[in-house]
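Report on the structure
The primary structure of each chain is shown beneath.
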Amino acid sequence: TPAEADEFVHQYHPSDQSDPSDLTYQTLVDKLLSSKTYGERWARRWLDLARYADTNGFEKDRPRSIWPYRDWVVKALNEDMPFDQFSIKQIAGDMLPNATPDDLIATGFHRNTMLNEEGGIDPNEYRFYAMVDRVGVTGTAWMGLTMNCCQCHTHKYDPILHTDYYSVMALLNNADEPTYHIPTPEIKAQQKAHAERIAKLEADLPKKFPGGEAAMQSRFAGWIEGQSKR
């Protein structure tokens, strides 16, 4: 920001405003690298590759709740995750041994495809379109190739064969797409508080029954006996 630029110039060189020393420059770089906005800035480029969006794209363009994947990318960049792990987790995080919730969230990379919820659609048709998109983005993001021509035919100038294209598609298509309810710390805390409140209320129930706990147990035992005789 302009304010940060002024701080850099005046704080370190208030008198002669000479060129900053190497140490001063390194201090500024370290400060920027340690900022949480570092991950936000560079995540934008990767999220563009991943065709990230908060809506479905087709027709009604309804909102989708995939923001945890966006946050995962920001966090991975801020933590300087090695690129091999960054890649493995996004392509097959769910297949890692003892996969963590973060590993499952990372696979959201391939859940960014457009979705069509129009009434008259054929779900299998749009499943196919999603696979085409996934093959294309995998080729672009990790191989630097446009896997488009080989979708229709093998071309003498294209290193990817027609059969290779559909081998990759078959691999990506061989997967379920469940809805994953993410156990965030906030939700876990709320669930724990609700469970404790429910347990307390249930423990107090006998005291609220007419006649007390003994009367309630007698009534319940009678109901059980009646059910068994049916």
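The sections below set out a description of the structure shown in this document.

Conventions adopted
Here the residue numbers are simple positions, counted from 1 along each chain's written sequence. Owing to the predicted nature of the model, reporting of local features is limited to residues with pLDDT of at least 70; listing and counting of side-chain atom pairs is limited to 80 or more, with chain, interface and lining totals taken over all residues. Calculated side-chain values reflect all of the structure's heavy atoms, with hydrogen atoms and water omitted. Counting from the N terminus, the helices are the DSSP runs of H or I reaching at least four residues and the strands are the DSSP runs of E reaching at least two. We compute the radius of gyration from the C-alpha atoms alone; for a globule the expected value is 2.2 Å times N to the 0.38, where N is the number of residues. For the exposure calls, accessible area comes from a 1.4 Å probe over protein chains only, and a residue counts as buried if that area is under 20% of its type's maximum, exposed if over 50%, partly exposed in between. The contact criterion used throughout is that any non-hydrogen atoms of two residues lie within 4.5 Å. Each accessible area value is a Shrake-Rupley result obtained with a 1.4 Å probe; residue values ignore everything except the protein chains displayed when judging cover. Salt bridge criterion: a side-chain nitrogen from Lys or Arg within 4 Å of a carboxyl oxygen from Asp or Glu. In this scheme Phe, Tyr and Trp rings, the latter by its six-membered ring, pair at centre separations within 6.5 Å, and the angle between planes marks the pair as stacked below 30 degrees, edge-to-face above 60, and tilted otherwise.

On a plain count of helices and strands, the chain comes out with 10 helices and 0 strands. Secondary structure of the chain in N-to-C order comes out as α-α-α-α-α-α-α-α-α-α. In summary, the chain has a C-alpha radius of gyration of 28 Å against a globular reference of 17 Å for 230 residues, an excess of more than 25%. Taking the principal axes of the C-alpha coordinates as reference, the chain spans close to 90 × 65 × 40 Å. Burial statistics for the chain: of 230 residues in total, 23% are counted as buried. The contacts of the chain with a sequence gap of at least 6 include a subset with a gap of at least 24, amounting to 54%. Just so you have it, the chain exposes about 16500 Å², and 57% of that area is on carbon and sulfur atoms.

Between side chains of opposite charge, a pair can form as their charged atoms come close. Enumeration over the complete set of coordinates arrives at 8 salt bridges. The shortest N-O distance in the salt bridge between Asp71 and Arg70 comes to 3.0 Å. Across the salt bridge formed by Glu177 and Arg127, the nearest N and O atoms sit 2.5 Å from each other. Remark: Arg127 occurs in helix α7 (residues 123-143) and Glu177 occurs in the loop between α8 (162-173) and α9 (185-208); sequence separation between them is 50 residues. Counted as one network, the salt bridges with shared partners bring together Arg111, Arg127, Arg134 and Glu177.

A word on the packing of aromatic side chains. Across all of its chains, the model carries 11 aromatic pairs by this definition. A centroid spacing of 6.0 Å and a plane angle of 35 degrees characterise the contact between Trp46 and Phe109, whose relative ring orientation is tilted. With a gap of 63 residues between them, Trp46 in helix α3 (residues 36-49) and Phe109 in the loop between α6 (101-106) and α7 connect regions that are remote in the sequence. The class for Phe109 is buried, based on a relative accessible area of 0%. Centroid distance Trp46 to Trp142: 5.4 Å. Interplanar angle 75 degrees. Geometry classified as edge-to-face. Note that Trp46 is positioned in helix α3 and Trp142 in helix α7, a separation of 96 residues in sequence. Relative accessible area serves as the criterion here: at 9%, Trp46 is assigned to the buried category.

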